[in-house]
Amino acid sequence: MKPSRDIGRLVEIMAALRTPETGCPWDLQQDFASIAPYTVEEAYEVADAIARGDKLDLKDELGDLLLQVVFHARMAEEEGSFAFPDVVEAITSKLIRRHPHVFGDTRDLSPAEVKVLWHRIKAEEKAAKAAVRDAAGLPPLPEDKSVLAGVPHTLPALTRAWKLQARASTVGFDWNDARLVLDKIREETTEIDEALASRDKAAIQEEIGDLLFVIANLARHVDADPEACLHAANAKFERRFKGIEEKLEAEGRNAGDAALDELEALWQAVKREEKAAP
């Protein structure tokens, strides 16, 4: 088996890995549920490579993500549900169907008109999907008519909080000023203080969750991605803490050798150096 630029070779390799008796014991042991966390992880690694501007790494990470698609498709083929070509056909059909202004006769639409068209096509797809399920003797999918319906539970919690509140805002359930959200944040910190005083762990966790939820809403009000904000804060903390370690290492010491007040002084020194840097 040799490497190839042909997607068909990847499908063949996956089939070989999943072949009983001669395949890979680990790959043969997997199922959809066990592979799903790897699929999510690979998507994050793609995003990380993009954030770092590392195109060489991005190429590799996109390959890892593509492997996840092929892996799921192979398992589906083994049980007779669908195969990789069906996945390709499904997405190409969807893209052509949802872009009649590119692939059809509907031309010269404004962005607003494209959005209206997209919602109409989505509704038609939903009806068609229900008809296919009915013809196959499958029960209809549970219908959730809530404004919040369709926000995936598998999203990172901060992102899902952002999206839930964005959905609620479409019916007017929202603050009209970011400073009002700040007032709510102050209210939540007071409630955390009260929960800490009570030493009720469940109450403390609930109030921390409420605070994070409101902070995600503040990010939405200023058109910021809360995940990106936290990612940047993590990177800043990591960079500054490593700066502390470097200073201590220059003295032949490590962070465990220093008292908290010294660590704080070094932290402030690293911050000053960052601000002074061109």
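See above for the structure.
Residues numbered from 1 in each chain as written. Predicted model: local features only at pLDDT ≥ 70, side-chain atom pairs only at ≥ 80, totals over all residues. Heavy atoms only, no water.

## Remarks on the overall build of the protein
Stage number 1. If you tally the helices and strands in the protein, you get 12 helices and zero strands.
Stage number 2. Going residue by residue from the N terminus, the α and β elements of the protein occur as α-α-α-α-α-α-α-α-α-α-α-α.
Stage number 3. For the protein, the C-alpha radius of gyration of 25 Å lies well beyond 19 Å, the compact-globule estimate for 278 residues.
Stage number 4. Considered along the principal axes of its C-alpha atoms, the protein spans approximately 70 × 55 × 45 Å.
Stage number 5. Across the 278 residues of the protein, 23% fall into the buried class.
Stage number 6. For the protein, the share of sequence-separated contacts (at least 6 apart) that also reach a separation of at least 24 residues comes to 48%.
Stage number 7. On the protein, roughly 19600 Å² of surface is accessible, and the fraction owed to carbon and sulfur atoms is 59%. (Helix = DSSP H or I, 4+ residues; strand = E, 2+ residues; numbered from the N terminus. Rg over C-alpha atoms; globule rule 2.2 N^0.38 Å. Buried < 20%, exposed > 50% of the residue type's maximum accessible area, 1.4 Å probe, protein only. Contact = heavy atoms within 4.5 Å. Areas by Shrake-Rupley, 256 points an atom, 1.4 Å probe, with all protein chains shown as cover.)

## A look at the packing of helix α3 (residues 32-52) against helix α4 (residues 55-78)
Stage number 1. Closest axis-to-axis distance for the α3/α4 pair is 8 Å, and the angle between their directions is 160 degrees. Judged on the interaxial angle alone, α4 and α3 are roughly antiparallel. Here α3 and α4 pass one another in a crossing that is left-handed. Counted together, Phe32, Ile35, Ala36, Tyr38, Thr39, Glu42, Ala43, Glu45, Val46, Ala49, Ile50 and Arg52 of α3 and Asp57, Leu58, Glu61, Leu62, Asp64, Leu65, Gln68, Phe71, His72, Met75 and Ala76 of α4 form the full contact between these two elements.
Stage number 2. Here the residues of the contact of α3 with α4 are counted per class, giving 14 nonpolar, three polar and six charged. (Axes fitted to C-alpha atoms, helices over the stretch in contact; angles between N-to-C directions. Parallel < 35°, antiparallel > 145°, perpendicular 65-115°, else oblique. Left-handed = near helix turned anticlockwise from the far one by under 90°. Nonpolar A, V, L, I, M, F, W, Y, C, P; charged D, E, K, R; others polar.)

## Focus on the packing of aromatic side chains
Stage number 1. Here the structure, examined in full by the defined rule, presents three aromatic pairs.
Stage number 2. On the basis of an interplanar angle of 80 degrees and a centroid distance of 5.8 Å, the ring pair of Trp26 and Tyr38 is categorised as edge-to-face. Here the residue Trp26 occupies a position in helix α2 (residues 25-29), and Tyr38 occupies one in helix α3, the gap between them amounting to 12 residues.
Stage number 3. We classify Tyr38 as partly exposed; its relative accessible area is 36%.
Stage number 4. Both rings, one in Phe237 and one in Trp267, keep their centres 5.5 Å apart while their planes meet at 45 degrees; by these two values the pair is tilted. A residue pair is termed long-range when its members are at least 10 positions apart, and Phe237 in helix α11 (residues 226-249) and Trp267 in helix α12 (residues 260-276) qualify at 30 residues.
Stage number 5. Exposure remark for Phe237: the relative accessible area of 49% places this residue in the partly exposed category.
Stage number 6. In this structure Trp267 comes out as buried when scored by relative accessible area, which is 17%.
Stage number 7. Put simply, the rings of Phe237, Phe241 and Trp267 touch in pairs and so form one group of aromatic residues. (Phe/Tyr/Trp six-rings, centres within 6.5 Å; stacked < 30°, edge-to-face > 60°.)

## Concerning a nonpolar patch on the surface
Stage number 1. Side chains of Val147, Leu148, Val171 and Phe173 sit close together on the surface and give an oily, nonpolar patch of about 400 Å² of accessible area.
Stage number 2. Considering the arrangement of structural elements, one finds Leu148 in the loop between α7 (111-135) and α8 (157-169). (Patch = residues over 30% accessible without salt bridge, like charges linked within 9 Å, V, L, I, M, F, W, Y side chains within 5 Å. Salt bridge = Lys/Arg side-chain N within 4 Å of Asp/Glu carboxyl O.)

## Considerations on the side chain of Gln30
Stage number 1. Considering the arrangement of structural elements, one finds Gln30 in the loop between α2 and α3.
Stage number 2. Here the side chain of Gln30 touches Trp26 through a polar contact of 2.9 Å, landing on its backbone oxygen.
Stage number 3. Side chain to side chain, Gln30 and Ser34 meet in a polar contact 2.8 Å long.
Stage number 4. Not counting the four nearest positions on each side in its chain, Gln30 is found in contact with Arg18, Ile35, Phe71 and Met75. (Polar contact = N/O pair within 3.5 Å; in protein donor to acceptor, adjacent residues only side chain to side chain.)

Geometric descriptors of this kind do not, in isolation, establish any biological role.
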